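# Report on the structure
For reference, the chains in residue letters:
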Amino acid sequence: MDIISIFHDFCTENDLSIKRSHDMPSGYETAYGTYDVTVNTLFLNMELLKDAPEYEVLFFLFHELRHAVQYHHPGLFDREIQESRFYVILYNGICYKLIENAWIECVLEGSEDYFTHVYSSLPYELGANTFAYEKTKELCGDSEALRNLYGFWIPEDKLEYDELRKTFDCIDDKIINS
């Protein structure tokens, strides 16, 4: 598996000019990957993925590549993805909103279970997970292991968008009033 070629081919096919790094940003050391539009960089945690099977590495690579497309070509996506991509909600209630190419942080009160549920229900996350599954399946074939990985990231009972919108409003209120 040549991740660098896959990365470059995908970027060419999707009119993306992004950087890649294996040095995870602060606070993301335990994440498999992240795409940060403010530095236009896709981070893939090869330290965590060094012993992972090929399908798993590809899944996380395609997931983050999809986020890059969501930010750079928002017109390809529905309103919910376009709106939600400006919000990051972490399991511990730390939240961010993208404002003028900077992530503004706030903290909301609530349970880890709730914030994990919100995160997994975000339209841009659901879309990236489905895309990653489909692209990985094209390259590696379908397997129970790949379906299980995909299923792990898809909530059984995703939150309705109106509920997510309430969380976005709370983030907006916190940022405005801080």
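Below is a summary of the structure that appears in this document. As the structure is a computational prediction, the values presented were derived from the model and not from experiment. (Residues numbered from 1 in each chain as written. Predicted model: local features only at pLDDT ≥ 70, side-chain atom pairs only at ≥ 80, totals over all residues. Heavy atoms only, no water.)

Attention now goes to the nonpolar core. One recurring pattern in soluble globular proteins: nonpolar side chains tend to sit buried together. Grouped together as the largest cluster of nonpolar side chains are 49 residues, with contacts concentrated most on Ile18, Leu42, Leu61, Phe62, Leu65, Ile89 and Ile171. Element by element, the count of residues in this core is highest for helix H3 (residues 54-72), at eleven residues. Phe62 has contacts with Ile6, Phe10, Phe131, Ala132, Lys135, Thr136 and Leu139, leaving out every residue within four places of it along the chain. (Core = buried A, V, L, I, M, F, W, Y, C linked by side-chain atoms within 4.5 Å. Buried < 20%, exposed > 50% of the residue type's maximum accessible area, 1.4 Å probe, protein only. Helix = DSSP H or I, 4+ residues; strand = E, 2+ residues; numbered from the N terminus. Contact = heavy atoms within 4.5 Å.)

For the rest of this paragraph, the subject is the pairing of strand E6 (residues 102-107). Sheet analysis places strand E5 (residues 94-99) next to E6, joined by six bridges and oriented antiparallel. Bridged to Tyr96 within E6 is Glu105. Between E5 and the antiparallel strand that follows it, E6, lie two residues; Glu100 among them carries a positive phi value of about 50°. (Pairing = 2+ DSSP bridges.)

What follows covers the sheet that holds strand E4 (residues 87-89). The antiparallel open sheet is built from three strands, whose spatial order is E4-E5-E6. The open sheet terminates on both sides in strands that have one partner only, identified here as E4 and E6. Averaged over all pairs of adjacent strands, the angle between their axes in this sheet comes to 20°, without regard to strand direction. The pairing of E4 with E5 spans three bridges and is classified as antiparallel. The residue of E5 that forms the bridge with Ile89 is Cys95. (Axes fitted to C-alpha atoms, helices over the stretch in contact; angles between N-to-C directions.)

What follows is about helix H6 (residues 123-140). Here H6 contains 18 residues, and its C-alpha end-to-end distance of 25 Å stays within 8% of the 26 Å for a straight helix at 1.5 Å per residue. Along H6, the residues classified as buried are Pro123, Tyr124, Glu125, Leu126, Ala128, Asn129, Phe131, Ala132, Tyr133 and Thr136. Where H6 ends, the next residue or the one after it, Gly141, has phi of about 85°, a positive value. (Expected span 1.5 Å × (residues − 1).)

As a further point, take the packing of helix H5 (residues 112-121) against helix H8 (residues 161-176). Packed helices, taken two at a time, are described by the angle their axes make and the gap between the axes. Relative to each other, H5 and H8 sit at 115°, their axes nearing to 11 Å. Looking at the two axes, H5 sits roughly perpendicular to H8. Helix-helix and strand crossings are classified by hand; for H5 and H8 the assignment is left-handed. The residues of H8 that touch H5, namely those facing Tyr114, Val118 and Ser121, are Glu163, Leu164 and Thr167. (Parallel < 35°, antiparallel > 145°, perpendicular 65-115°, else oblique. Left-handed = near helix turned anticlockwise from the far one by under 90°.)

For the rest of this paragraph, the subject is the state of the cysteines. A covalent bond between the sulfur atoms of two cysteines is what we call a disulfide. In the structure shown here, the tally under the stated rule is zero disulfides. Considering cysteine sulfurs only, Cys106 is the nearest to Cys95, which forms no disulfide, with 5.0 Å between them. Owing to a relative accessible area of 0%, Cys95 belongs among the buried residues under this scheme. (Disulfide = S-S within 2.5 Å.)

This brings us to the pattern of salt bridges. Within this structure, the stated rule accounts for nine salt bridges. Note that Lys50 is salt-bridged to Glu47, the shortest N-O span being 2.7 Å. Grouping residues by exposure puts Lys50 and Glu47 together as exposed. Lys137 serves as the salt-bridge partner of Glu134, at 3.5 Å between the closest nitrogen and oxygen. On the criterion of helical spacing, the pair formed by Glu134 and Lys137 is a turn pair, its members being three residues apart in helix H6. (Salt bridge = Lys/Arg side-chain N within 4 Å of Asp/Glu carboxyl O.)

Below, the discussion takes up the packing of aromatic side chains. Considering all chains together, one arrives at eleven aromatic pairs under this definition. Ring plane angle 90° and centroid distance 6.2 Å describe the contact between Phe60 and Trp153, whose orientation is recorded as edge-to-face. Linking Phe60 in helix H3 with Trp153 in helix H7 (residues 144-153), this pair joins segments that are 93 residues apart in sequence. Given the relative accessible area of 6%, Phe60 is considered buried. On the basis of relative accessible area, Trp153 is assigned to the partly exposed category, the value being 22%. Measuring from centroid to centroid gives 4.2 Å for Tyr87 and Phe168, while their planes differ by 10°, and the two rings are stacked. Taken together, the positions of Tyr87 in strand E4 and Phe168 in helix H8 put the pair 81 residues apart, joining distant regions of the chain. Accessibility classification places Tyr87 together with Phe168 in one group, the buried group. Members of the aromatic cluster, joined through ring pairs, are Tyr32, Phe59, Phe60, Phe152 and Trp153. (Phe/Tyr/Trp six-rings, centres within 6.5 Å; stacked < 30°, edge-to-face > 60°.)

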